[in-house]
Structures are given as structure tokens and as C-alpha cells.
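# A closer look at the structure
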Amino acid sequence: MKELLALARRCMQDYNMVPPGSRVAVGVSGGKDSLALLYLLSQLRRFYPGGFELTAITLDMGFEGMDFSPIADFCRAIEVPYVIRQTQMKQVIFDIRKESNPCALCAKMRRGALNDAALAEGCRVVALGHHFDDVVETVLLSLFYEGRFHSFSPVTYLSRKDIHCIRPMLYIPEREIRNFVRREQLPVVESTCPADKNTKREEVKQLLHTLEKQNPGLRGRIFGAVQRQPLEGWEKTPLFPDK
């Protein structure tokens, strides 16, 4: 855990993600990434400069067979308040609109609902579980389907709601998160969404896996290019700049 804590803390400080005394909402889908983020932040709050408070928020999208009670138990164990917000996203996206490509609309609706839930809990910082591999995959998706070199930023400010979205795990590879979740026996709740793992992102993930075998270190070089350019929003604004 120490290595992952160090990587998350360095990312948070490099991009000044959490001002002292912040109230941070963690979006917890039940997947491995969001649970790892929640656990890491629950440990970091104990010694992070200035300190911060945490609230875990889950959006129940209405899919059958998803039981979030193990996450509620986990949150009690790590002393983090837990909120489940009921939504009708599944009904809107799949039953009413019958979206053939539901992921874009779903992501937009989830972002809005999570931000509203965070504000209702008094949180103006929302932590998301994106990691190192997500950055690289997003770069390739943008190149292939939009013709531009682009990825999301470590910190995104939403002026309409006065919320900062932060991504503290950007320095952590997915394989390390997977191993961490298995080692710590975190209570993953598998998604029952019919579109899960049937996306363009999953295709790019498999392509990168193949290319990495032929070109070891490929992911690291792409991530490095994002930082060196740097892409908009990737300029470091460290909490404790080097003297």
C-alpha cells in the first residue's frame, strides 16, 4: 500500500488537487478503481497536509442484481460516510431511449448526478477513479476517432457548479490497482450493465496490450508525451514546489 499511497500523494501535490480542509466526495461505482481510490484517500487524509474530509457516493442506476451493502459495510469499517443516490438512468437510457451507443449519454448523466449529489453533501471537490492506463487509452481514442492528441486533465473545474473534479490515481497503473484490490480484499460489486466491457475503450485496451508486448514501455512513453507537451491542464502546479 505504501507505494500506491506515495504515488497518489505525489499526483495530488503535483497538481494541487486538494486545498487544506476540503470536503471531498468520492464517486464509488463499486468497481475496483473507485474502491481503491476510496481506500487510498481514507488513509491519506490521516497525514495529508492540511487534511480533508471524505464522503463516498454511489449512484444506483437501477440495474438488477447490484447489491451495494458490502460497500456500506466497508465504508463503516474505514469511517467514511456513505450515500447511495437512487436514479432512473437505466430506465431512461435502455428502456425509454433504447440507445444503441449508450456509454456517452450514460457518462454525461452520471457526471451530472454525481456532482449534484456531491453538492448536496457539502462537497466541492469530486474524486474520480481514473488511472494511468485510462490516460493512455483516452489519448489513442482521441487520435483514432477525433483526430487530435487529447486526454482528460488531472483537475477539471466546472464553473457552472463551482466544483473541482480530481483524479488522484493518474500515476498508478491499472495492474497495480488490480493487485491492490485483490490483496486488500476490497468488496468489488460487478456491474450488470449490458454495455460493460463492450466499448471502443475496451478495444483500445486490448490493442495496447498487444502493442506493449512488441514495444515494452509503450504506455509510459505515451503518458510521458502527455506530460512533456504538456497537454492543456497538465501543467504542474505543485502544492510544495521545489525550491
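Please read all numbers here as calculations on a predicted model, not as lab measurements. (Residues numbered from 1 in each chain as written. Predicted model: local features only at pLDDT ≥ 70, side-chain atom pairs only at ≥ 80, totals over all residues. Heavy atoms only, no water.)

### Quick notes on the sheet that holds strand β6 (residues 163–166)
- Taken together, six strands build an open sheet; the order of strands is β3-β2-β1-β4-β6-β5 and the sheet is mixed. In the strand order of this sheet, the two ends are held by β3 (82–86) and β5 (155–158), each with one partner. Mean inter-strand twist for the sheet, computed between neighbouring axes without regard to direction, equals 25 degrees.
- Where β5 and β6 come together, four bridges link them in antiparallel fashion. In the sheet register, T156 faces β6, and the bridge partner there is C165. (Pairing = 2+ DSSP bridges. Helix = DSSP H or I, 4+ residues; strand = E, 2+ residues; numbered from the N terminus. Axes fitted to C-alpha atoms, helices over the stretch in contact; angles between N-to-C directions.)

### Describing the nonpolar core
- With 81 residues, the main nonpolar core has L38, L41 and F52 as its most contacted residues.
- Among the elements that make up this core, the one with the highest residue count is helix α2 (residues 32–44) (eight residues).
- Beyond its immediate sequence surroundings of up to four residues, L38 is in contact with V26, V28, L54, A56, F74, C75, I78 and V80. (Core = buried A, V, L, I, M, F, W, Y, C linked by side-chain atoms within 4.5 Å. Buried < 20%, exposed > 50% of the residue type's maximum accessible area, 1.4 Å probe, protein only. Contact = heavy atoms within 4.5 Å.)

### Looking at unusual backbone geometry
- Of note in the backbone geometry, E79 takes a positive phi value of approximately 60 degrees without being a glycine.
- Here E79 is to be found in the loop between α3 (69–77) and β3.
- With relative accessibility at 59%, the residue E79 sits in the exposed group.
- For Q185, which is not glycine, the phi dihedral falls at a positive 55 degrees.
- Along the chain, Q185 turns up in the loop between α7 (174–184) and α8 (200–214).

### A word on the packing of aromatic side chains
- Scanning the entire structure with this criterion turns up nine aromatic pairs.
- When the ring of Y48 is compared with that of F52, the centres are 5.7 Å apart and the planes differ by 70 degrees; the resulting orientation is edge-to-face.
- A relative accessible area of 3% places Y48 in the buried class.
- In this structure F52 comes out as buried when scored by relative accessible area, which is 7%.
- Taking 6.5 Å as the distance between ring centres and 75 degrees as the angle between the ring planes, the aromatic pair formed by F144 and Y145 counts as edge-to-face.
- Since its relative accessible area comes to 48%, Y145 is described here as partly exposed. (Phe/Tyr/Trp six-rings, centres within 6.5 Å; stacked < 30°, edge-to-face > 60°.)

### Observations regarding the pattern of salt bridges
- Summed over the entire model, instances satisfying the criterion amount to 18 salt bridges.
- Taking the shortest distance from any N to any O, the salt bridge between D116 and K161 comes out at 2.6 Å. You can see D116 sitting in helix α5 (residues 103–120) and its partner K161 sitting in the loop between β5 and β6, a full 45 residues away along the chain.
- A salt bridge links D134 to R201; the shortest N-O distance between them is 4.0 Å. (Salt bridge = Lys/Arg side-chain N within 4 Å of Asp/Glu carboxyl O.)

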